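Letter by letter, the chains look like this.
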Amino acid sequence: MSNEDKNSLITATTKRRRLYRFLVMLFFAFFVMGVNIPIFDYTKRESLAYIKEPSQRNLEALRAKQAEERRTQWLYSSPLALLGVVFAIPLLTKYRRRT
């Protein structure tokens, strides 16, 4: 293999590794945002009902809806975390081979 071929191979590997790192960070960022950003108007009806009439029943309905919102957020953001892990596996295996 000539020196030019080795350099192009190293450059391609470096670009691929940078792309993997970028995708891992991107998917984990989406995961964190998906878990932390509230779903607008998800608990609006229950919140307004509790504000109008602060009873125990309305409070329980509001808390149940908030728990449902949290489960929904995890449901939609979990595949992004899984993709981040899938893209991180090749990086970790290559890193362990070098050390």
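Residues numbered from 1 in each chain as written. Predicted model: local features only at pLDDT ≥ 70, side-chain atom pairs only at ≥ 80, totals over all residues. Heavy atoms only, no water.

**What to know about the packing of aromatic side chains**
Selection rule: Two aromatic rings, drawn from Phe, Tyr or Trp (for Trp, its six-membered ring), form a pair once their centres lie within 6.5 Å of each other, and the interplanar angle then sorts them: stacked below 30 degrees, edge-to-face above 60, tilted otherwise. Criterion for a charge above a ring: Arg CZ or Lys NZ at most 6 Å from the ring centre, at most 35 degrees from the ring normal.
Throughout the structure, instances matching the rule amount to zero aromatic pairs. A cation over an aromatic ring shows up here: Lys65 above the ring of Tyr42, its NZ or CZ 4.9 Å from the ring centre.

**So, the confidence of the model for the protein**
The line we're drawing: Confidence of the prediction at every residue is given by pLDDT, a number between 0 and 100. Helical segments are the DSSP runs of H or I of at least four residues, strand segments are the runs of E of at least two, and each set is numbered from the N terminus.
On average, residues of the protein score 78 in pLDDT, and 83% of them reach the 70 mark or higher. Here helix 1 (residues 3–36) stands out as the element of the protein with the lowest mean pLDDT, 74, in contrast to helix 2 (residues 44–52), whose mean of 89 is the highest.

**As for a nonpolar patch on the surface**
Rule in force here: Candidates for patches are residues over 30% relative accessible area with no salt bridge; among them, like charges are joined within 9 Å and nonpolar side chains (Val, Leu, Ile, Met, Phe, Trp, Tyr) within 5 Å. Throughout, the Shrake-Rupley method with a 1.4 Å probe supplies accessible areas, and for residues the shown protein chains are the sole cover considered. A side-chain nitrogen of Lys or Arg and a carboxyl oxygen of Asp or Glu constitute a salt bridge if their distance falls within 4 Å. Here's how the labels work: a residue is buried when its accessible area is under 20% of the maximum for its type, exposed when over 50%, partly exposed in between, all with a 1.4 Å probe on protein chains only.
The grouping of Phe28, Val85 and Ile89 at the surface amounts to a nonpolar patch, some 240 Å² of accessible area in total. Relative to the helices and strands, Ile89 is located in helix 3 (residues 56–98). Exposure remark for Ile89: the relative accessible area of 47% places this residue in the partly exposed category.

**Section: the environment of Gln73**
Quick reminder of the rule: Any two residues having at least one pair of non-hydrogen atoms within 4.5 Å are treated as being in contact.
With respect to the helices, strands and loops of the structure, Gln73 is situated in helix 3. In this structure Gln73 comes out as buried when scored by relative accessible area, which is 5%. When the C-alpha atoms of Gln73 and Ile37 are compared, they prove to be 8.4 Å apart, with 36 residues separating the residues in sequence. Beyond its immediate chain neighbours, meaning those up to four positions away, Gln73 contacts Gly34, Val35, Ile37, Pro38 and Ile39.

**Section: the side chain of Thr43**
By secondary structure assignment, the location of Thr43 is in the loop between helix 1 and helix 2. Its relative accessible area of 15% is what places Thr43 among the buried residues. Contacts of Thr43, omitting those with residues within four sequence positions, involve Leu62, Lys65, Gln66 and Glu69.

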